[in-house]
Structures are given as structure tokens and as C-alpha cells.
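The primary structure of each chain is shown beneath.
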Amino acid sequence: ASALSCNRITCGFISINLNGNLFEYIKNILKLKKESFTKLLLLIKRKGLQAYKIQDFNVVEASNYYTWSGKFKTKYDEQVETGILAFEKYVSLFGMPNLIHAHSRFLAGGLIAAAIKKKYNIPFVLTEHSSFYARSKVSNDELKLVHSVIHAASQWICVSKHLGELIIKLLPSALAKPYIHIPNVLDKDFEIHELLQPPSERTFIFLNIASMDENKAQAVLIKSFAQKFRGNMFYQLHIGGSGYLENELKQLVIDLDISEQVTFLGQLSRKGVIKAIQNTHVFVLPSLYETFGVVLIEALALGKPVIATKCGGPESIVTNKNGFLLEPSNVEALSEAMLKMSNNYHQFNYQELRSDCINRFGTVAFATKMEVIYNNILNKTC
């Protein structure tokens, strides 16, 4: 929305927030569980519509609770019903939009947009981000819903070519409406932030920032670092983020005898991410799967070369001019890439890295592409 507003496109948001399970709470109330009764009262208080602003953008959020649990059709029906409530409240406050852009982590946003189109004849664009496809978490019934959303959309967009091809493989009928690849937009904070000279050469720092889970594969990174750099204090590894594997990863560092070379930065704010990237030499993302990899373009925008795995999104970001790509889950290959990067770091010009990143993923590039798509759709509907 911030990027689009630079092109004088007015944006607002609707959002749904469904929590809890009314049926289960009632069952517990009948069992005289006072705690559940209190929770139910809190949920009822939360139910409703709330209008507020994020920065200068109008937001209407609809809060509600699910009636049943484990009911496939009921779940999505209630999401759509709640989304329609939010949309109608938005219209009453701020007017009818010309077009809707649905961002779908998985299904809800697209289903709501399709329902609004059916009821109010407002066209919509769908951007797909979800990692559910690669993680085999999409049922056949859900694929039918995906098909219906893509069919109803005036245009569907995927944040990486890999994601688009994966959806087509799972849903060949999507071929009838080809996707457009438009990557995620770089946050403007990274685009306008001061570009600093490379950090001190007294140490060489590798950085990873991600949630600590199996998919992000920090264990592979730690083993790779230990394989080439254990005991050489010139080399340091910084890891930002948190997650259920945090204690296990910290123990791995101890077991590999690299505690003095590895620093866990904890959960980072946006400013914290910027500072961590500025204080590093190379960013490393060893994930098993990424729909895109926003943190890679954040690092590039701050002038840092990157090492990433061929796990979906990075293939649309990393080139031989800005870093290295390698296969996932390969400790030897990653350790070799890290050594090669440390030996060839000065071949990467930090100003050129930023310029190329902004030209490909910056606000102007993104907004220009989206404005063309919006205008084409609106001109067809006029």
C-alpha cells in the first residue's frame, strides 16, 4: 500500500480475525467450567467491527468466533461471511472501491474477494504467497476452492515463478489463466536507509534472520559454519529470530564447540534487522522452501551479498552478480559457498548491489507494474 500510494493510488484494508470455537465453549459451560465461561464472554465482547488506521491507511477489522471446529465448509463459509461484514462496513465509512487486491497466505483473502465480486461486481486481483502448496498441506477440496478463486480473479499473481509453476502442477486447470510473476516489494525503510561502508575487517560476519524451525534449516548453517571456521575467531555467525528449535540450536552450537563464534540476536524489530544487516558482511538463507525470501532483498538493499538455497523464491532473487545459490540440506556445499564468499567478498560492490535490488524490487518498480495491471482491468470493466 505504501508503494502504491507513491503512484497516487488510494488504498485501504479489510481484515478478519476469527478465533475460538463457540460450540466447544458451550459444551464446557454445561460442564460448569467457570474459566471457559469467562473466555466466552471475552470473545463475545471482541465480536464486531472496528475501524482504525495503520499509518495513513484506513482499516476495518471484523472480529468473530468460529461456530464449529473441524468443519471444512463451515470454516471457509464463516471466513467469507465475516469478510463481507468488514467490506460493507468499510464501504459505509470510506466509499466503494474500484478494485480489490486480495493477498492470500492461503485461501481466505481470495475467497472473500471472490464473494465480494459476486455480490457487488467489483473485480479483484489475487496475489498468492502461500507455502502450503510446497508443504503438501492442501487437500483436494481446498484445491477446488483455489480453482474457483483463480477463475474468478481478473488477474492472479505469484511472488515467485517456482510458486506459480507448483500451483499449476497441482491444479492444471489454472493454466487456462496464466499467472504473472511480480515479486514482493522491498520495504521503503530499506530502500531509503543510509547505505554504510562495509563493516570492520577485524572480523568476517555471516548473518541469518529467520524463525527457528525445521524449514529455515539453521542447523545446516551452523554445521556448515563449524566445518570450515571452527576455532578461527576471525569468522563469526550471527543468528536472529526465535522459534521452537531455539534451545536445540543453541545446544548444537555448544556441541560443535563454536559458542565463542556464534551470537544469537533474539527476535528483532525492523530497526533491529536493519542494524544487524549493516553490521554483517554476508547474509545466508539455507531454507528448505521459500515462496519468496523478503529478507534476501532487504540484505541486498543494504549492500550485502547473499548465499541462499534453491528452494523456490530465491531463484527469482539471487544471481551470479549478487551472491551464490546452492541445493538445500547440503552441509558441504554451504560450507564451501561460505568460504568462497569470504575469499571473494570484495568482488561485490555494495552500491551496485543496492541499485540492482531497488531497480528490481523497489517501490517504483512494484507500483509501476501494479498500476498497469489495475488500469488494464478497470479499462475492460468500463
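Residues numbered from 1 in each chain as written. Predicted model: local features only at pLDDT ≥ 70, side-chain atom pairs only at ≥ 80, totals over all residues. Heavy atoms only, no water.

1. A short note on the sheet that holds strand β10 (residues 262–266)
Strand pairing within a sheet occurs via backbone hydrogen bonds; the two strands may be parallel or antiparallel. Spatially, six strands are ordered β10-β9-β8-β11-β12-β13 in an open sheet, and the strand pairing comes out parallel. With partners counted over all chains shown, the strands left at the sheet margins are β10 and β13 (323–326), one partner each. Between one strand axis and the next, the sheet turns through 20° on average, direction left out of account. With six bridges joining them, strand β8 (residues 204–209) and strand β9 (residues 235–240) adopt parallel strand pairing. (Pairing = 2+ DSSP bridges. Helix = DSSP H or I, 4+ residues; strand = E, 2+ residues; numbered from the N terminus. Axes fitted to C-alpha atoms, helices over the stretch in contact; angles between N-to-C directions.)

2. Things to note about the packing of aromatic side chains
With the rule as written, the count across this model stands at 14 aromatic pairs. When the centroid spacing of 5.2 Å and the interplanar angle of 65° are considered together, the rings of F204 and F206 count as edge-to-face. The interplanar angle of 80° and the centroid separation of 6.4 Å between the aromatic rings of F206 and F225 together place this pair among those described as edge-to-face. Of the two residues, F206 is situated in strand β8 and F225 in helix α9 (residues 218–229); the sequence distance between them amounts to 19 residues. Neither residue differs from the other here; F206 and F225 are each classed as buried. An aromatic cluster of at least three residues, connected via ring pairs, comprises F204, F206, F225, F229, F234, Y235 and Y345. (Phe/Tyr/Trp six-rings, centres within 6.5 Å; stacked < 30°, edge-to-face > 60°. Buried < 20%, exposed > 50% of the residue type's maximum accessible area, 1.4 Å probe, protein only.)

That is the geometry; function is a separate question.
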